[in-house]
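# Understanding the architecture of this molecule
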Amino acid sequence: MYRTGHLGVSMLVFAPIGYLLVAAGEPLAALVTGGAMLWLAMLPDVDHRIPGIPHRGPTHSLLFAALVGGAFAGAGALLADGMGTVDRARLSLFGFFVGSLSVGSHLLGDVLTPAGVNLFWPWGREFSLYVTRADSTIANWGLFLLGVFAVAAAGVLAVQGLP
Ligand SMILES: [Zn+2]
């Protein structure tokens, strides 16, 4: 999947979560989650730039999602220590959620394509839903537009309240 498609999938995953966070009275958490998900949407594809690592290998696994989640949990704990006023466990958990969800959304985008992803790396098996080719312009832009629409709809619903 290309950048537009990945951003679209990330927005589609974020929309209901962002809505729930805003509805729960946590608009800042929604903003941070959405921002991180867009920022990290292409993170697993850093394997294009690291020599010796196969594309859609280790960085396209649940293990990597957990690792990034762990890094964010650590950052959350440090942040909580620095601020002193927030619950450390809660912020770590939120960090883990944001980090792993960001990578997970990328994996979801790639799982749609025939090449699939090595979800359970180092167990070498590719998983694919065979929905669309990674280079499909229609799929990439379709997902992007769907994502924008979903986030806009979630935003309107969150502000206006459910009918
Ligand atoms: Zn990828």
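Residues numbered from 1 in each chain as written. Predicted model: local features only at pLDDT ≥ 70, side-chain atom pairs only at ≥ 80, totals over all residues. Heavy atoms only, no water.

### A few points about the coordination of the zinc ion
Asp45 (OD), His60 (NE2), His106 (NE2) and Asp110 (OD) make up the full set of protein donors to the zinc ion, lying at 2.0 to 2.2 Å. Taking the relative accessible area as the measure of exposure, His106 reaches 0% and is therefore buried. (Donors = N, O, S within 2.8 Å, 3.2 Å for Na, K, Ca; no water. Buried < 20%, exposed > 50% of the residue type's maximum accessible area, 1.4 Å probe, protein only.)

### Details of the packing of helix 1 (residues 3–23) against helix 5 (residues 137–160)
Relative orientation of the contacting elements helix 1 and helix 5 amounts to 15°, with a least axis distance of 7 Å. Regarding the angle of helix 1 to helix 5, the classification is roughly parallel. The hand of the helix 1/helix 5 crossing is left-handed. Residue-level contacts link Thr4, Gly5, Leu7, Gly8, Val9, Met11, Leu12, Phe14, Ala15, Tyr19 and Val22 of helix 1 to Asn140, Trp141, Leu143, Phe144, Leu146, Gly147, Val148, Ala150, Val151, Ala154, Leu157 and Ala158 of helix 5. Considered class by class, the residues forming the contact of helix 1 with helix 5 number 18 nonpolar, 5 polar and no charged. (Axes fitted to C-alpha atoms, helices over the stretch in contact; angles between N-to-C directions. Helix = DSSP H or I, 4+ residues; strand = E, 2+ residues; numbered from the N terminus. Parallel < 35°, antiparallel > 145°, perpendicular 65-115°, else oblique. Left-handed = near helix turned anticlockwise from the far one by under 90°. Contact = heavy atoms within 4.5 Å. Nonpolar A, V, L, I, M, F, W, Y, C, P; charged D, E, K, R; others polar.)

### Overview of the pattern of salt bridges
Across all of its chains, the model carries 4 salt bridges by this definition. The partner of Glu26 in a salt bridge is Arg90, with the nearest N and O atoms 3.3 Å apart. Taken as a pair, Glu26 in the loop between helix 1 and helix 2 (27–39) and Arg90 in helix 4 (residues 88–111) lie far apart in primary sequence, 64 residues in all. Given a relative accessible area of 31%, Glu26 falls into the partly exposed group. (Salt bridge = Lys/Arg side-chain N within 4 Å of Asp/Glu carboxyl O.)

### Points about a nonpolar patch on the surface
Residues Leu28, Leu31 and Val32 make up a contiguous nonpolar surface patch of roughly 330 Å² in combined accessible area. Mapping Val32 onto the fold places it in helix 2. Its relative accessible area of 41% is what places Val32 among the partly exposed residues. (Patch = residues over 30% accessible without salt bridge, like charges linked within 9 Å, V, L, I, M, F, W, Y side chains within 5 Å. Areas by Shrake-Rupley, 256 points an atom, 1.4 Å probe, with all protein chains shown as cover.)

### Structural notes on the packing of aromatic side chains
The full count for this structure, using the stated rule, is 4 aromatic pairs. Judged by centre distance (6.3 Å) and plane angle (50°), the ring pair of Phe120 and Trp123 falls under tilted. The exposure class assigned to Phe120 is partly exposed, which follows from its relative accessible area of 42%. Over the ring of Phe127 we find Arg125; its NZ or CZ atom is 4.5 Å from the centre of that ring. (Phe/Tyr/Trp six-rings, centres within 6.5 Å; stacked < 30°, edge-to-face > 60°. Lys NZ or Arg CZ within 6 Å of the ring centre and 35° of its normal.)

### Regarding unusual backbone geometry
Here Trp121 and Pro122 are connected by a cis peptide whose omega angle stands at 10°. Looking at the secondary structure, you find Pro122 in the loop between helix 4 and helix 5. Although it is not a glycine, Arg56 adopts a positive phi angle of roughly 60°. By secondary structure assignment, the location of Arg56 is in the loop between helix 2 and helix 3 (62–83). Assessed through its relative accessible area of 10%, Arg56 is described here as buried. Residue Tyr130 is not a glycine yet carries a positive backbone phi of 50°. With respect to the secondary-structure elements, Tyr130 resides in the loop between helix 4 and helix 5.

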